[in-house]
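Residue-level listing of the chains:
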Amino acid sequence: MRNARLTLDPAFTVAPVPRRLFGSFVEHMGRCVYTGIFEPEHPTADEDGFRTDVLELVKELGPTVVRYPGGNFVSGFDWEDSVGPREQRPRRIDRAWRSVETNQFGLAEFDAWARKAGTEPMMAVNLGTRGMQDACNLLEYSNHASGTKYSDLRVAHGSTDPFGIKLWCLGNELDGPWQTGHKTAHEYGRLAAETGRAMRQIDPDIELVAVGSSSRSMPTFGAWESTVLELAYDTVDYVSLHAYYQEDDDTRDAGSFLASAVDMDLFIEQVVATADAVRARGKHSKFINLSFDEWNVWYQKRPHHGEGVQPWDVAPRVIEDEYSITDAVVVGTLLNSLLRHSDRVTIGAQAQLVNVIGLLRSEPGGDAWKQSIAHPFEQMRRLATGTVLRVASSSDKYSTTDFGDVDVVDASATYDEDTSTVSLFLANRDLEDSATVTVDLRGFDVSRVVTAKVLAATEGQTRDTTNATGAHDQVGLRPLQDATVTDGVASVVLPPLSWAVVQVAKA
Ligand code: AHR
C-alpha cells in the first residue's frame, strides 16, 4: 500500500476556477470537422448538417471554450473561402496536412455549431501566409455590426447578428519550422504587436493570445517568449503554451509517462517566470496570463499515424489515437496541473474535440462515443467549481527515468462556498499498489461524502483497455467504495493506476 497525506485550508487558495480552463479545440484536420462534428448525410444530422449524436456528447463534456480553425491548418487558411453560398466555396489545398479542404464547413457553420454546443468560440487568425489586413478583415466580418464592406458581406451571407468573438489567437505555432510561414521571435513579435494593435482599433474589447512555444523542448523556448513579449507586451493579454505527451512504446516507461504533469508544471512555471521578467524589465503593471491552448496525450511515434492516407484526401483518418486507462490517468493529472496553476493559466484547450487525438470518436455514418480521457475532463469541468485550493501534499515517491523521484499521488482540489463542498481530484500513479490518501479538511465544515467515483481497470481489463466502436463503456467511472470522512479527515483508497473524484460536504 502507498500513502499520501494532503492538507487543505479554506484560507489557502490559488484563484477562482477560471471559466475558460476546460476548453477544447476543433481544427480542420483529419475527421475532426468532417464526419466529426459535421456530416449532413449522417442519420442524426440536424438541419445544419451537425451530427446531433456528437453534439449531445459535446454538451455532456461541456467544453467552455473551443479554439478554431487550427492549428497548423490556420497558417495557410484563406477565411474568405469558407463563407457565403456553399456551392460557390472553392476546394483548396491544405498544405499543413496535405489534404483537400472542401470549405463546406466554415465561419458561419462554426458560429452556429458553437451556439448549439453552448461554448465560447476562440478564433485563430492566419499569420503564416497572411497578415494584419486579412486579420482585420476577418474581425470586421465577425464582430462589426453592419454598414461596412466585410460586415455587410456577413449580413449578405445570412448572418445578421455579428458573431461577437472575444478571444483571438494571433497565429499558431510560428516558432516551429514545420509551420507554414515559420518566423523568428523578432519577426513574429513585431507582426503580433502590429496586428493586435490594428485589431483593437476595430474592436477594443477583444482579448489577444500571442504564440508561445510549441513545447518546452523547442530550442527557442524561453528566448521566444521573452522576445515576443518584449515586442508585444502592451498589446496582448495571453501567451500560449502547447504540449503533447506519449508513452515510449519501445521502453514502455510508464513511470515517466505517468509523470507528464511534472513537465507541464515546469513548463507553466517557466513561462510565468519569463513573462514576469519581461513585466519587470518593461516596468509594466499588467500581468500576461497563460493560454494552454493545445495539450493532450498524442502517440506521435505510433505507426498508425496516417496509415493508408493518400495526399490530398478529404477528411483522412489521421492521428485517431484510441485512449486507454493509462492515458485517462495522465489526462487527469494534466488537468490537475492546469488547476493548480489557475492563478495564471486562465485558458485551457484540450486538443482536439473529435477523432483527431479526440475526447470523442465518431464513425462516418455510424456511432459516436466518449474516449477514456473524456471522463476526467467531463468530471473536472462539472465539479471543479468555486475556488481552487492550494494542496499541501506529502506523498510516497516512485522513481522515473525522466523526472527523478515523483509523487505517487497527484492531486488538485476546489472549494465551492455556495454548496460548502470540497472536490478532490486524485490520481494514483502506481501500477501495482493501491494508495491510501488521507486529507486533512479540519478547516472546513464537512462531514459526508457526496460523490466518490473512480476510473481504473476492472476485472479482466489491462491498463491498455480502451473504448471502441460498439464498446463505448469499457472504460468509464465506477463508484469508489473506499471514501470516508470522519472528524474533518477524509480517507480515500485509490486502486492501482487510477483517477478519482471525491466530493465532501456539510451534513
Ligand atoms: O493538434 C494537432 C496539431 O498539433 C496542431 O495543428 C498544431 O498546432 C500542433 O502541432
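For the structure itself, consult the block above.
One structure accompanies this document, and this report is about it. (Residues numbered from 1 in each chain as written. Predicted model: local features only at pLDDT ≥ 70, side-chain atom pairs only at ≥ 80, totals over all residues. Heavy atoms only, no water.)

Where a strand is regular, its side chains alternate between the two sheet faces. What you see with strand E24 (residues 483-486) is a clean split: Ala483 and Val485 sit on the buried side and Thr484 and Thr486 on the side with no burial. The loop that links E24 with its antiparallel partner strand E25 (residues 489-494) comprises 2 residues; one of these, Asp487, has a positive phi angle of about 50°. (Buried < 20%, exposed > 50% of the residue type's maximum accessible area, 1.4 Å probe, protein only. Helix = DSSP H or I, 4+ residues; strand = E, 2+ residues; numbered from the N terminus. Pairing = 2+ DSSP bridges.)

The subject of this paragraph is the pairing of strand E20 (residues 421-428). Of all 8 residues making up E20, 8 are buried, and the element is well covered by its neighbours. Across the two faces of E20 the burial is the same, with Thr421, Ser423, Phe425 and Ala427 and Val422, Leu424, Leu426 and Asn428 all buried. Relative to E20, strand E19 (residues 409-416) is paired through 8 bridges, and the arrangement is antiparallel. Each bridged residue has a counterpart across the sheet, and for Thr414 the counterpart in E20 is Ser423. What sits between E19 and E20 in their antiparallel hairpin is a turn of 4 residues, with Ser420 showing a positive phi close to 50°. Pairing analysis gives 8 bridges linking E20 to strand E26 (residues 498-505), with the strands arranged antiparallel. Of the residues in E26, the one forming a bridge with Val422 is Val504.

In sheet architecture, strand pairing relies on hydrogen bonds along the backbone and comes in two forms, parallel and antiparallel. Read from one edge to the other, the open sheet built from 7 strands follows the order E2-E15-E19-E20-E26-E22-E23, with strand pairing classed as antiparallel. The sheet terminates laterally at strand E2 (13-16) and strand E23 (478-479), the two strands that pair on one side only. Sitting on the sheet, helix H9 (residues 325-340) touches E2, strand E15 (387-389), E19, E20, strand E22 (448-455) and E26, and the angle it makes with E19 is about 50°. Running over the sheet, helix H10 (residues 374-383) touches E19, E20, E22 and E26 and is turned about 20° from E26. (Contact = heavy atoms within 4.5 Å. Axes fitted to C-alpha atoms, helices over the stretch in contact; angles between N-to-C directions.)

Moving on to the layout of surface pockets. Taken as a whole, the largest pocket holds about 580 Å³ of empty space. Ranked by residue count, the leading element in the lining of the largest pocket is strand E10 (residues 238-245), at 3 residues. Each residue belonging to the lining of the largest pocket can be placed in one class, and the counts come to 12 nonpolar, 9 polar and 6 charged. Volume-wise, the second largest pocket comes out at about 410 Å³. Lining of the second largest pocket is provided by 19 residues; of these, Asp265, Arg340, Asp407, Asp410 and Ala411 occupy positions nearest its centre. (1 Å grid on protein atoms, 1.4 Å probe; cavity = no way out; pocket = protein on both sides within 12 Å on 5 of 7 lines; lining within 4 Å. Points joined across faces, edges and corners; volume = space filled by probe spheres on them. Nonpolar A, V, L, I, M, F, W, Y, C, P; charged D, E, K, R; others polar.)

Without other data, these values stay purely geometric and don't point to any function.
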